[in-house]
Amino acid sequence: MSEDVRLVAWVRGRVQGVGFRWFTRAKALEIGGLSGFALNLGDGRVQVVAEGAREGCEGLLEWLQGDDTPGRVDGVTEIWDTPRGGYEGFAIR
């Protein structure tokens, strides 16, 4: 049985104005079983919160850190926690 987790990631680089949040949502839906959101921050980063099975969250993080994202990712900072719930699907904020 898979452990449910909460991933909070801050993605820095050229990640706003390039469809990054939309593609992040699409990837989360493709992985399946994840809920949360992607949000543009005022400093140019994108915050991604995902809750679900550890394997799914790790897959999303791997994608965020990879070369298949829109724009240019210079780095990702992540925090792992216990799920808090309260999300309906995966949203773009």
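Keep in mind that this is a model prediction, so the values were computed, not measured. (Residues numbered from 1 in each chain as written. Predicted model: local features only at pLDDT ≥ 70, side-chain atom pairs only at ≥ 80, totals over all residues. Heavy atoms only, no water.)

Regarding the pattern of salt bridges
Per the counting criterion, the structure on display carries seven salt bridges. A salt bridge links Arg45 to Asp43, with the shortest nitrogen-to-oxygen separation between them at 2.8 Å. The shortest N-O distance in the salt bridge between Asp74 and Arg72 comes to 2.8 Å. Since its relative accessible area comes to 43%, Arg72 is described here as partly exposed. Each of Glu3, Arg54 and Glu58 takes part in one network of salt bridges that share partners. (Salt bridge = Lys/Arg side-chain N within 4 Å of Asp/Glu carboxyl O. Buried < 20%, exposed > 50% of the residue type's maximum accessible area, 1.4 Å probe, protein only.)

A short note on the environment of Gly36
Position of Gly36 among the secondary structure elements: in strand S2 (residues 35–40). Gly36 sits 57 residues away from Arg93 along the chain, and the two C-alpha atoms are 10.0 Å apart. If we skip the residues at most four places from it in the chain, Gly36 touches Val49, Tyr87, Gly89, Phe90 and Ala91. (Helix = DSSP H or I, 4+ residues; strand = E, 2+ residues; numbered from the N terminus. Contact = heavy atoms within 4.5 Å.)

Thoughts on the sheet that holds S2
Read from one edge of the open sheet, five strands run S4-S1-S3-S2-S5, paired in mixed fashion. The open sheet has two edge strands with one neighbour each: strand S4 (72–81) and strand S5 (90–92). Strand-to-strand twist of the sheet, defined as the mean angle between neighbouring strand axes without regard to direction, takes the value 15°. Bridge count between strand S1 (residues 4–14) and S4: nine bridges; the pairing is antiparallel. Note on S4: the bridge partner recorded for Val11 is Val76. Across the sheet, helix H1 (residues 20–31) is in contact with S1, S2, strand S3 (46–53), S4 and S5; its angle to S5 comes to roughly 170°. Where helix H2 (residues 54–65) meets the sheet, it contacts S1, S3 and S4, and its direction lies at approximately 155° from that of S3. (Pairing = 2+ DSSP bridges. Axes fitted to C-alpha atoms, helices over the stretch in contact; angles between N-to-C directions.)

Details of the UniProt feature "domain: Acylphosphatase-like" (unreviewed entry) in the protein chain
Residues given the UniProt feature "domain: Acylphosphatase-like" (unreviewed entry) here are residues 6–93. Measuring from the first to the last C-alpha atom of residues 6–93 gives 18 Å, for a span that is 27% helix and 41% strand. (UniProt positions renumbered as here; feature names shortened; annotations may be inferred.)

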